Amino acid sequence: MEIDYFMLLEIGIGDAYGAGFEFSPYEKIKAHNSLTSYQSHELGIPAGNYTDDTQMSLAISELLIDKTDWNRQNIANKFVQCFKRDPREGYSKGFYYFLKSIKDGREFLEKINPESTRNGAAMRAAPLGIIKDIDDLLAMSEIQASLTHNTEIGIKSSQAVSLAAHFFVYNIGSKNVLFDFIGEYTNFKWNNKWEGEVACCGEETVNALLTVLDQSNSLKDVLINSVAFGGDVDTVAAVGLGIANLSSEFEKELPNFLFNDLENNTFGREYLKEVGSQLLSLKA
Ligand SMILES: [Mg+2]
């Protein structure tokens, strides 16, 4: 199977594949990271279900599609709306209970502690790659990050992910210059030789992502290599697959179960395809 949908479905597939292995013991990764089935997660995520990475990427995509004014209040409203309409596991515990406890975007902004350096702003930033003007992209990526991750690494990790998607959407160059492109526009020294477990940290997540994109030549490798790190691998796999599928440099063949066994409730597979096609229509 080749997936030719735009970004959201691929994020959902990578997320659901990685979610079964998030912070799992290496024995589980060794035994099951072979692209033969989705894995359930011990913490209550059923096999084939996506998590926060996809839900928050949907939020950003819907804001872009609706041409919503890009301000903190509107973005907060959408984050809350997307969670409340389809609450799901996979968020960090703290953020999950925070979202449960508030009633709207205003309360979100009043009560959030926005100083996180974790990867929550990066995990939802890929859809912003559709923005053609790089200054706009950087500014919009910063604003969305600032709601929850108003820190240097929170903002730069978000911009790095948006830029990586942009690089392939607009065919800027071959993937071996992606690393320099992102370093230049974020003015930050990333590492694309990442090894070992990926913490929930924005910097490590981008490093793992850039390593996977550099070292993989197929979508299969993107998934397997993302999970093989161990740690917060669903974010790396989600963003990695969403971005890699935009580039002709990755061999596209994937096993059918990734598509067929992906959840397909109201906001599942068919919804991801629909939002992806609407997002693609924004390409300048
Ligand atoms: Mg996740």
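The rules behind the values
Residues numbered from 1 in each chain as written. Predicted model: local features only at pLDDT ≥ 70, side-chain atom pairs only at ≥ 80, totals over all residues. Heavy atoms only, no water. UniProt positions renumbered as here; feature names shortened; annotations may be inferred. Phe/Tyr/Trp six-rings, centres within 6.5 Å; stacked < 30°, edge-to-face > 60°. Helix = DSSP H or I, 4+ residues; strand = E, 2+ residues; numbered from the N terminus. Buried < 20%, exposed > 50% of the residue type's maximum accessible area, 1.4 Å probe, protein only. Donors = N, O, S within 2.8 Å, 3.2 Å for Na, K, Ca; no water. Salt bridge = Lys/Arg side-chain N within 4 Å of Asp/Glu carboxyl O. Axes fitted to C-alpha atoms, helices over the stretch in contact; angles between N-to-C directions. Parallel < 35°, antiparallel > 145°, perpendicular 65-115°, else oblique. Left-handed = near helix turned anticlockwise from the far one by under 90°. Contact = heavy atoms within 4.5 Å. Nonpolar A, V, L, I, M, F, W, Y, C, P; charged D, E, K, R; others polar. Patch = residues over 30% accessible without salt bridge, like charges linked within 9 Å, V, L, I, M, F, W, Y side chains within 5 Å. Areas by Shrake-Rupley, 256 points an atom, 1.4 Å probe, with all protein chains shown as cover. Lys, Arg positive; Asp, Glu negative; His and termini not counted. Charge placed at Lys NZ, Arg CZ, Asp CG, Glu CD. Core = buried A, V, L, I, M, F, W, Y, C linked by side-chain atoms within 4.5 Å.

- In the annotation of an unreviewed UniProt entry, the entry for the protein reads ADP-ribosyl-[dinitrogen reductase] hydrolase, and the organism field reads Litoribacillus peritrichatus.
- Per its UniProt entry, the protein bears the Sequence similarities (unreviewed entry) comment "Belongs to the ADP-ribosylglycohydrolase family."

**Re the packing of aromatic side chains**
- If you walk through the whole model with that rule in mind, you get 17 aromatic pairs.
- Judged by centre distance (5.7 Å) and plane angle (85°), the ring pair of Phe 83 and Tyr 96 falls under edge-to-face. Of the two residues, Phe 83 is situated in helix 4 (residues 72-85) and Tyr 96 in helix 5 (residues 93-101); the sequence distance between them amounts to 13 residues. For the pair Phe 83 and Tyr 96, a shared accessibility class is recorded, and that class is buried.
- Geometrically, the ring pair formed by Tyr 96 and Tyr 97 is edge-to-face, given 5.2 Å between the ring centres and 85° between the ring planes.
- By the ring-pair criterion, three or more aromatic residues cluster together here, those being Phe 79, Phe 83, Tyr 91, Phe 95, Tyr 96, Tyr 97, Phe 98 and Phe 108.

**Details of the coordination of the magnesium ion**
- For the magnesium ion, every protein donor is listed as Thr 51 (OG1), Asp 52 (OD), Asp 53 (OD) and Asp 234 (OD), and the spread of their distances is 2.1 to 2.5 Å.
- Summarised as a motif, the one-chain spacing of the donors to the magnesium ion is T-D-D-x180-D. When sorted by exposure, Thr 51 lands in the same class as Asp 53, which is buried.

**Things to note about the pattern of salt bridges**
- For the structure on display, the rule yields 10 salt bridges.
- Here Glu 270 makes a salt bridge to Arg 269, at a shortest N to O gap of 3.6 Å.
- Members of the salt-bridge network, linked through shared partners, are Glu 62, Lys 78 and Arg 85.

**A short note on the packing of helix 9 (residues 152-169) against helix 11 (residues 202-215)**
- Here helix 9 crosses helix 11 at 20°, and the two axes come no closer than 8 Å. Classified by the angle their axes make, helix 9 and helix 11 are roughly parallel. Handedness of the crossing formed by helix 9 with helix 11: left-handed. The residues of helix 11 that touch helix 9, namely those facing Ile 153, Ser 157, Ala 160 and Val 161, are Gly 202, Glu 203, Val 206 and Leu 209.
- Looking at side-chain class alone, the contact of helix 9 with helix 11 contains 5 nonpolar, 2 polar and 1 charged residues.

**Re a negative patch on the surface**
- On the surface, Glu 2, Asp 4, Asp 221, Glu 251 and Glu 253 cluster together to form a negatively charged patch.
- Along the chain, Glu 251 falls in the loop between helix 13 (233-244) and helix 14 (257-260).

**Description of the nonpolar core**
- In this structure, Tyr 17, Leu 64, Phe 108, Val 161, Ile 182, Ile 243 and Leu 258 are the most contacted members of the largest nonpolar core, which totals 95 residues.
- The greatest single-element share of this core, amounting to 9 residues, is contributed by helix 9.
- In contact with Leu 258, not counting residues within four places along its chain, are Ile 13, Tyr 17, Leu 35, Tyr 38 and Leu 223.

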